[in-house]
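# Breakdown of the fold
Given next are the chains, with one letter for each unit.
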Amino acid sequence: MNIILLAPPAAGKGTQSELLIKKYQLNQISTGDLLRKIASNDSKLGNTIKKTLASGELVNNNLVFQVLEEYMDKNTSENGYVFDGFPRDTLQAEKLDDILENMNQKIDYVFYLNVSKEILLKRITGRRLCKSCGKVYNINIDLLKPKMNSICDNCGQELYRREDDNESSFETRYQNYKIQTQPLIDYYQNKNILYEIDSSLEKEEVFKQIESFIEKR
Ligand code: ADP
């Protein structure tokens, strides 16, 4: 089973990916995570990507395709993948169709996580991540706050804010989403594999909607 999570920035793709991979033993592919890993290297490429990520602009397609294909070659999956943050435009969607076709596979579900811009902004400005284990918190949402300010409940390490989680980068990311990614809603609706999810609710409630579509088919 192959799943795409299609959503604006901070709509909960990472959180729902985690729940999906656990329940259905899938392999998560987050192009954002893969690019952040390269950006953390002190190399020419790392520094270029770091700048692009902080600005909120998209990384160029050739590089994204290379990173994606390398990852899929090394991380084959028996049960399928959850694509988180890919595809982000029509060219990327066509590329993914080709990659999967070559593997005799296809996309089974595209879950469109719909949330208002106001809620996204609240999530973005409050999002904090653990430096060590990657656990995600939100200081603007009671249920997601860490017990101690700036410290991870899991491992006691310091929390940090992503460089692109500020209002100005968010505006760029949101506008890019509207222009480049939103047309994919029609692309997948035409293939009859688009399922709309209300992602303004808390994470378990969002996951229940996703599960119910999977269990129904
Ligand atoms: P979000 O969806 O919340 O913006 P991501 O972690 O998915 O967070 O992406 C962070 C950044 O990584 C994006 O703003 C973009 O610069 C880059 N990125 C991630 N995936 C892609 C992609 N498929 N194509 C181009 N750039 C990407």
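Here, the structure is the one placed above.
Report on the accompanying structure. (Residues numbered from 1 in each chain as written. Predicted model: local features only at pLDDT ≥ 70, side-chain atom pairs only at ≥ 80, totals over all residues. Heavy atoms only, no water.)

### Considerations on the environment of Asn140
Counting through the fold element by element, Asn140 comes out in the loop between β6 (136-138) and β7 (159-160). On the basis of relative accessibility, which here comes to 33%, the residue Asn140 falls in the partly exposed class. Between the C-alpha atoms of Asn140 and Ile124, which are 16 residues apart in sequence, the distance is 9.3 Å. In this structure Asn140 touches Lys122, Thr125 and Gly126, once residues within four positions along its chain are discounted. Here the side chain of Asn140 touches Lys122 through a polar contact of 2.8 Å, landing on its backbone oxygen. Polar contacts involving the side chain of Asn140 include one to the side chain of Thr125, which spans 3.3 Å. (Helix = DSSP H or I, 4+ residues; strand = E, 2+ residues; numbered from the N terminus. Buried < 20%, exposed > 50% of the residue type's maximum accessible area, 1.4 Å probe, protein only. Contact = heavy atoms within 4.5 Å. Polar contact = N/O pair within 3.5 Å; in protein donor to acceptor, adjacent residues only side chain to side chain.)

### Focus on the environment of Thr76
Structurally, the position occupied by Thr76 is in the loop between α4 (61-74) and β3 (81-84). For the pair Thr76 and Asn27, spaced 49 residues apart in sequence, the C-alpha to C-alpha distance is 8.2 Å. Beyond its immediate stretch of four places on either side in the chain, Thr76 contacts Asn27 and Tyr81.

### Structural notes on the side chain of Ser169
Residue placement: Ser169 occurs in helix α7 (residues 167-181). Residue classification places Ser169 among the buried positions, given a relative accessible area of 3%.

### Description of the site of the ligand
Close contacts around the ligand come from 21 residues, with Lys13, Thr31, Arg36, Glu57 and Gln92 the closest. Note that an oxygen atom of the ligand is positioned 3.3 Å from one of the backbone N or O atoms of Ala10. Between an oxygen atom of the ligand and a main-chain N or O atom of Glu57, the distance comes to 2.5 Å. The protein chains hide 97% of the 540 Å² of surface that the ligand would expose on its own. Grouping the constituent residues of the shell around the ligand by class yields eight nonpolar, five polar and eight charged. (Near = heavy atom within 4 Å. Areas by Shrake-Rupley, 256 points an atom, 1.4 Å probe, with all protein chains shown as cover. Nonpolar A, V, L, I, M, F, W, Y, C, P; charged D, E, K, R; others polar.)

### Concerning unusual backbone geometry
Cis rather than trans, the peptide bond between Phe86 and Pro87 has omega equal to 0°. Position of Pro87 among the secondary structure elements: in the loop between β3 and α5 (90-102). Unusually for a residue other than glycine, Ala10 sits at a positive phi of about 65°. With respect to the secondary-structure elements, Ala10 resides in the loop between β1 (3-6) and α1 (13-24).

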